Amino acid sequence: MHEDTAATAATAATDRDSRTGWEWARADDWQPPSELDTGVPHTARMYDYYLGGKDNFEADRKAAQAAIAAYPALPLLARTNRQFLGRAVEFAAGRGIRQFIDIGTGIPAVGSTSEVAQRVAPDARVVYVDNDPIVATHARALLAGHPAGHTSVIEADLRDPEAILGHPALAAAVDLSRPVALMLVAVLHFIRDEDGAERIVRTLRDALAPGSALILSHGSPDFASRESAAEGTRIYRSASAPLVLRPRAGVEPFFGDFEFVGPGLVQLPLWRPTAGHVRTTELPEGWQDVSAYAGVAVKA
């Protein structure tokens, strides 16, 4: 949200859902938290800019523009990542999964998890998790019209998976004894190895019931020039989280002993781009430059 719009927004009004104890902000009354530092680029708002959104500030736009200058395929990467999310959610819902935990959701936009899941299965329950107050507050505003209990928003940090799993709002919406689609889409490349990235994902995987699915995409240096990868990493050092690009060998272990569904762990646009065999003529122009992996795996 641009500064002039944010400055004139009225105080957020909320409705409390008595079953979950959750507060929902009405979209027309939303304003960003007063403690928000708009001078620091935030990864979620930079991603919003790549998608052509308006929920970003000047610092986000400048950082995003610098990143695009270093790696022009970034907007295409963002779009294909959102398309992968939609296809993967449709796959999970088609398998009968009715619970989705989307961690590092960013600012919900067209094609978000709840939109896709509840289009396929209106009874699907979605819990969004993000650690940024502006993202969490804005998500609640955008989702205020959804049925109470069907879509929830938790403000929590992926680096503390135990807090996510133990959050009362998650317990109110999700039954972990039943299959869940755990979504870690374009978020783990903001978690450093020294922050325990593999431990974090293992903790989340271990909490899931058989039949659950892990939906994951991750930035990689494998498809970009060394110069572009290095410059992108440098730019994100001034953002709210560092960029940690991992090769295929660094991404595959996140799936643990879950079994990949076809076509396995592949370059992002190649994950089931059509109902049948991959037809490269139907992929977006420039897809070869999309430097990320994507995959879906199921717990036996």
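Shown above is the structure to which this text applies.
Residues numbered from 1 in each chain as written. Predicted model: local features only at pLDDT ≥ 70, side-chain atom pairs only at ≥ 80, totals over all residues. Heavy atoms only, no water.

1. Focus: helix H5 (residues 113-120)
Move 1: Along H5, the residues classified as buried are Thr113, Ser114, Val116, Ala117 and Gln118.
Move 2: Residues of H5 that are buried sit in contact with helix H4 (74-94), strand E3 (99-103), strand E4 (125-130), strand E5 (151-155) and strand E6 (181-185). (Buried < 20%, exposed > 50% of the residue type's maximum accessible area, 1.4 Å probe, protein only. Helix = DSSP H or I, 4+ residues; strand = E, 2+ residues; numbered from the N terminus. Contact = heavy atoms within 4.5 Å.)

2. Description of the pairing of E6
Move 1: With respect to burial, E6 is a largely interior element, 5 of its 5 residues being buried.
Move 2: A two-sided burial pattern is seen for E6, the buried positions comprising Ala181, Met183 and Val185 on one face and Leu182 and Leu184 on the other.
Move 3: Note: E3 against E6, 3 bridges, orientation parallel. Bridge pairing in E6 links Phe100 to Ala181.
Move 4: Both E6 and strand E7 (residues 213-219) contribute to a ladder of 5 bridges, which runs parallel. The partner of Leu182 across the bridge, within E7, is Leu214. (Pairing = 2+ DSSP bridges.)

3. Some thoughts on the pairing of E3
A regular strand carries its side chains on alternate faces of the sheet.
Move 1: In terms of burial, E3 is a largely internal element, 5 of the 5 residues being buried.
Move 2: Across the two faces of E3 the burial is the same, with Gln99, Ile101 and Ile103 and Phe100 and Asp102 all buried.

4. Notes on the nonpolar core
Move 1: Counting 50 residues, the largest nonpolar core has Tyr50, Phe84, Phe100, Ile215, Trp271 and Val296 as its most contacted members.
Move 2: When residues in this core are grouped by element, the largest group, 11 residues, is from H4.
Move 3: Contacts of Ile215, omitting those with residues within four sequence positions, involve Phe84, Ala88, Val89, Ala92, Ala181, Leu182, Met183, Leu184, Val185, Gly295 and Val296.
Move 4: Formed by 32 residues, the second largest nonpolar core is a distinct cluster that contains Leu158, Val174, Leu265 and Ala297. (Core = buried A, V, L, I, M, F, W, Y, C linked by side-chain atoms within 4.5 Å.)

5. Section: the pattern of salt bridges
Move 1: Throughout the structure, instances matching the rule amount to 9 salt bridges.
Move 2: Where Arg98 meets Asp123, a salt bridge forms, and the shortest distance between an N and an O atom there is 3.5 Å. Placement of Arg98 in the loop between H4 and E3 and of Asp123 in the loop between H5 and E4 is noted, with a sequence separation of 25 residues between them.
Move 3: Relative accessible area serves as the criterion here: at 29%, Arg98 is assigned to the partly exposed category.
Move 4: Look at Asp123 and you get partly exposed, because its relative accessible area is 45%.
Move 5: Between Asp193 and Arg246 there is a salt bridge whose closest N-O contact spans 2.8 Å. Of this pair, Asp193 sits in the loop between E6 and helix H9 (197-206) while Arg246 sits in the loop between helix H10 (226-236) and helix H11 (248-251); the two residues are 53 residues apart in sequence, bridging distant segments of the chain.
Move 6: Residue classification places Arg246 among the buried positions, given a relative accessible area of 4%.
Move 7: Beyond isolated ion pairs, a larger network of salt bridges with shared partners links Asp157, Arg159, Arg192 and Asp195. (Salt bridge = Lys/Arg side-chain N within 4 Å of Asp/Glu carboxyl O.)

6. Digging into the side chain of Lys299
Move 1: Locating Lys299 in the fold gives a position in the segment after strand E10 (292-298).
Move 2: Put simply, Lys299 is tucked away with no salt bridge, and the nearest opposite charge, on Asp206, sits 5.4 Å away.
Move 3: At a separation of 3.4 Å, a polar atom in the side chain of Lys299 contacts the main-chain carbonyl oxygen of Arg205.
Move 4: Dropping the residues within four chain positions of it, Lys299 is found in contact with Arg205, Asp206, Leu208, Ala209, Pro210, Gly211, Ser212 and Phe258. (Lys, Arg positive; Asp, Glu negative; His and termini not counted. Polar contact = N/O pair within 3.5 Å; in protein donor to acceptor, adjacent residues only side chain to side chain.)

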